[in-house]
Amino acid sequence: MKKEDKIICNCCKKMIQEGDAIPRKEYLHVEKEWGYFSDKDGERQEFDLCEPCYDAWVKGFQIPVASQEITELI
């Protein structure tokens, strides 16, 4: 959740980034605009998850997240 130059994990409320500092932690940012065939038609939602909360979330998936190693980092 972005709030006044801060990024806070929507799940655990831990600070991910504060101010214009260089990000020191990875996190997942999700944005979704819901369409006609949902109960949220016309609604836009977004949230941020820190890495530990992301790991806990995907651990509960019935189908594991596809993953591949990237050897060249920019």
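Residues numbered from 1 in each chain as written. Predicted model: local features only at pLDDT ≥ 70, side-chain atom pairs only at ≥ 80, totals over all residues. Heavy atoms only, no water.

A. Representation of the overall build of the protein within the structure. A count of helices and strands for the protein gives 1 helix and 5 strands. Taking 74 residues into account, the globule formula puts the C-alpha radius of gyration at 11 Å, and the protein, at 15 Å, lies well above it. Considered along the principal axes of its C-alpha atoms, the protein spans approximately 40 × 35 × 25 Å. A buried classification covers 14% of the 74 residues belonging to the protein. The contacts of the protein with a sequence gap of at least 6 include a subset with a gap of at least 24, amounting to 29%. (Helix = DSSP H or I, 4+ residues; strand = E, 2+ residues; numbered from the N terminus. Rg over C-alpha atoms; globule rule 2.2 N^0.38 Å. Buried < 20%, exposed > 50% of the residue type's maximum accessible area, 1.4 Å probe, protein only. Contact = heavy atoms within 4.5 Å.)

B. Representation of the pattern of salt bridges in the model. Counted according to the given criterion, the structure contains 3 salt bridges. Residue Arg-44 is joined to Glu-31 by a salt bridge in which the shortest nitrogen-to-oxygen separation is 2.5 Å. Taken as a pair, Arg-44 in strand β5 (residues 44-50) and Glu-31 in strand β4 (residues 27-33) lie far apart in primary sequence, 13 residues in all. Of the residues examined, Glu-31 reaches a relative accessible area of 48% and is grouped as partly exposed. (Salt bridge = Lys/Arg side-chain N within 4 Å of Asp/Glu carboxyl O.)

C. Structural detail: the confidence of the model for the protein. For the protein, per-residue confidence averages 90 on the pLDDT scale, and 95% of positions sit at 70 or higher. For the protein, the element scoring lowest by mean pLDDT is strand β1 (residues 2-3), at 68; helix α1 (residues 51-59) scores highest, at 97. (pLDDT = per-residue confidence, 0-100.)

D. Region of the structure containing the environment of Lys-13. Positionally, Lys-13 belongs in the loop between β2 (6-8) and β3 (15-18). Between the alpha carbons of Lys-13 and Asp-39 there is a distance of 27 Å; along the sequence they are 26 residues apart.

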